[in-house]
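In case you want the letters, here they are:
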Amino acid sequence: MGIVCPDETKRIEIEEFRRMLLANAAVHRTKAADEFQNRGQLPSAVQQNRELEEKQVCVTSGVSFVGIAIVNQLLFRGYSVRVIVEKLEDLEKLREMEISGEMRQSTKTVEAVMARLNDVESLSQAFNGCRGVFHTATFVDPAGLSGYTKSMAEIEVLVTKNVTQACAITPSVRNCVLTSSLLACVWKDINSSTTIDQDCWSDESICINKKLWYALGKLKAERAAWNVAKESGFKLASICPGLVTGPDFISRNSTPTIAYLKGAQEMFRNGLLATVDVNRLAVQHVLVFDEMKNTTCGSRYISFDQVIRSEEEFEKLARETGVDPTRTILSNSTTNSSNSIKLSNAKLRRLMSTVHRCSTEF
């Protein structure tokens, strides 16, 4: 793994293009001399270069809990991965992950590229040469104290808009997969629908009134991304996962976890508090990206593998998150069995069922 700045990336790509031209020239000279019988066959150097281009992707927030899981799954499936880092701290963290084995060992390339998330041009330079972008949209409280604030929600919207705009203006980028949240779907008038699925959107006014800043950030960021995609015509897919769990998830993903659980009582009462394992979610991201190659438009998916329904499940979640169940989650909460609200991830399950391997083992 090596760090490459945007200017250096451009120089490397020019050099690679020069080598490709020389290789092609050599192949064509040989072809003329030997009079190839199969004139429809592409020179091997060109074919190999095209295959490499199709397998080059970029992951934002690649050092985050969800980001590194996606990086590992991409490497497992033969992709070369470019990880966006904004600070030297992130670069050091990436190196630590590589040394500790948290990042999967692979013969494929992993490179770190410095880019500014508040600068569309910087992002476009970082994306250049990649066929796809995975935007995991992961943010932490800079002070480490206040959790996910209203100002962070606005930052998330701005960065997501920048990422999608950069995708739209970068010629090599064809597809983008956005990690949104189930919270962008469930905070609405529950009497208006009996099923919460990928067609449902949270109500912005409800999020504001309840001060659900994480839900508001995810909702507005995803809407902004879809607006850019529709205006520019590039393909976008969004995945809306429940609370992301997995090994040491509360210590490795504390800000999003605590922010997600705000409003957990109400979600539990309505049967809408759901979780998904981080490795399964990473598999789903790659499968959705692969599926986009076969379609003419993007799509939206809901992801979860468990709906929290019993007090025992509540208590287990409370222990894992370090949250006082008598105050934050379990306080006078019982499942409302009379309501008919259901969560549906049928669309994503149908996609998963089309492949033999639906989970990954490390």
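The coordinates are above.
First, a word on what this report is: a plain description of the structure on this page. Please read all numbers here as calculations on a predicted model, not as lab measurements.

Digging into the pattern of salt bridges
Between side chains of opposite charge, a pair can form when the charged atoms approach closely.
So, point 1. Within the structure shown, the criterion is met by 11 salt bridges.
So, point 2. For Glu111, the salt bridge is made with Arg82, and the minimal N-O distance between the two is 2.7 Å. Here Glu111, found in strand S4 (residues 110–114), pairs with Arg82, found in strand S3 (residues 80–85); they are 29 residues apart in sequence, far enough to count as distant.
So, point 3. Overall, Glu111 belongs to the buried group, its relative accessible area being 14%.
So, point 4. Lys210 is the salt-bridge partner of Glu266, the closest N and O atoms lying 3.1 Å from each other. Of this pair, Glu266 sits in helix H12 (residues 264–269) while Lys210 sits in the loop between helix H8 (204–209) and helix H9 (213–232); the two residues are 56 residues apart in sequence, bridging distant segments of the chain.
So, point 5. Taken together, the salt bridges that share partners define one network made up of Glu54, Arg131 and Arg174.

Focus: helix H16 (residues 346–353)
So, point 1. Listing the buried residues of H16 in full gives Leu348, Leu351 and Met352. Looking down the long axis of H16, one finds its buried residues gathered within 100° of arc, a one-sided arrangement. Structural note: H16 exposes Arg349, Arg350 and Ser353 on the side pointing more than 90 degrees away from its buried face.
So, point 2. Of the surrounding elements, those touching the buried residues of H16 are helix H13 (278–292) and strand S11 (299–303).

So, the packing of aromatic side chains
So, point 1. Tallying each qualifying case throughout the model produces 4 aromatic pairs.
So, point 2. With a centroid separation of 5.1 Å and an interplanar angle of 50°, the aromatic rings of Phe134 and Phe289 are classed as tilted. You can see Phe134 sitting in strand S5 (residues 132–135) and its partner Phe289 sitting in helix H13, a full 155 residues away along the chain.
So, point 3. For Phe134, a relative accessible area of 0% corresponds to the buried category.
So, point 4. Measuring from ring centre to ring centre gives 4.9 Å for Tyr148 and Tyr214, while their planes differ by 90°; the resulting arrangement is edge-to-face.

Topic: the pairing of S3
So, point 1. The buried fraction of S3 is high, at 6 of 6 residues.
So, point 2. Alternating residues of S3 divide into Ser80, Arg82 and Ile84 and Val81, Val83 and Val85, and every residue in both groups is buried.
So, point 3. Sheet analysis places strand S2 (residues 56–60) next to S3, joined by 4 bridges and oriented parallel. Bridge pairing links Val57 to Val81 in S3.
So, point 4. As for the winding sense of the linkage, the β-α-β connection from S2 through helix H3 (residues 65–76) to S3 is right-handed.

Some remarks on the packing of helix H6 (residues 150–169) against H9
So, point 1. Between H6 and H9, the shortest axis-to-axis distance is 8 Å and the interhelical angle comes to 20°. Relative to H9, the element H6 is oriented roughly parallel. Here the hand of the crossing between H6 and H9 comes out right-handed. Contacts between H6 and H9 pair Lys150, Ala153, Glu154, Glu156, Val157, Thr160, Lys161, Thr164, Gln165 and Ala168 from the former with Trp213, Gly217, Lys218, Lys220, Ala221, Ala224, Ala225, Val228 and Ser232 from the latter.

Some remarks on H6
So, point 1. Taking 1.5 Å per residue, 20 residues should reach 28 Å; H6 reaches 29 Å between its end C-alpha atoms and fits that length.
So, point 2. For H6, the set of buried residues is Met152, Ala153, Glu156, Val157, Val159, Thr160, Asn162, Val163, Thr164, Ala166 and Cys167.
So, point 3. Buried residues in H6 make contact with helix H5 (120–127), S5, strand S6 (175–179), H9 and helix H11 (254–260).

Focus on the sheet that holds strand S10 (residues 274–277)
So, point 1. Strand order in the open sheet formed by 3 strands is S9-S10-S12, with mixed pairing between adjacent strands. On the outer flanks of this sheet lie strand S9 (243–245) and strand S12 (306–307), each paired with one strand and no other.

What to know about empty space enclosed by the protein
So, point 1. In this structure the tally under the stated criterion is 2 cavities of 30 Å³ or more.
So, point 2. When its volume is computed, the largest cavity comes out at roughly 220 Å³.
So, point 3. Surrounding the largest cavity, 23 residues form its lining, Tyr214, Lys218, Val244, Asn253 and Pro256 being those nearest its centre.
So, point 4. The set of elements that each furnish at least two residues to the lining of the largest cavity consists of H3, H9, S9 and H11.
So, point 5. No other element matches H11, which puts 3 residues into the lining of the largest cavity.
So, point 6. Along the lines of polarity and charge, the residues of the lining of the largest cavity split into 12 nonpolar, 9 polar and 2 charged.

Conventions and cut-offs
- Residues numbered from 1 in each chain as written.
- Predicted model: local features only at pLDDT ≥ 70, side-chain atom pairs only at ≥ 80, totals over all residues.
- Heavy atoms only, no water.
- Salt bridge = Lys/Arg side-chain N within 4 Å of Asp/Glu carboxyl O.
- Helix = DSSP H or I, 4+ residues; strand = E, 2+ residues; numbered from the N terminus.
- Buried < 20%, exposed > 50% of the residue type's maximum accessible area, 1.4 Å probe, protein only.
- Arc of directions from axis to C-beta.
- Contact = heavy atoms within 4.5 Å.
- Phe/Tyr/Trp six-rings, centres within 6.5 Å; stacked < 30°, edge-to-face > 60°.
- Pairing = 2+ DSSP bridges.
- Right-handed = clockwise from strand over helix to strand, strands pointing away.
- Axes fitted to C-alpha atoms, helices over the stretch in contact; angles between N-to-C directions.
- Parallel < 35°, antiparallel > 145°, perpendicular 65-115°, else oblique.
- Left-handed = near helix turned anticlockwise from the far one by under 90°.
- Expected span 1.5 Å × (residues − 1).
- 1 Å grid on protein atoms, 1.4 Å probe; cavity = no way out; pocket = protein on both sides within 12 Å on 5 of 7 lines; lining within 4 Å.
- Points joined across faces, edges and corners; volume = space filled by probe spheres on them.
- Nonpolar A, V, L, I, M, F, W, Y, C, P; charged D, E, K, R; others polar.

Function cannot be read off these values alone, since they describe shape.
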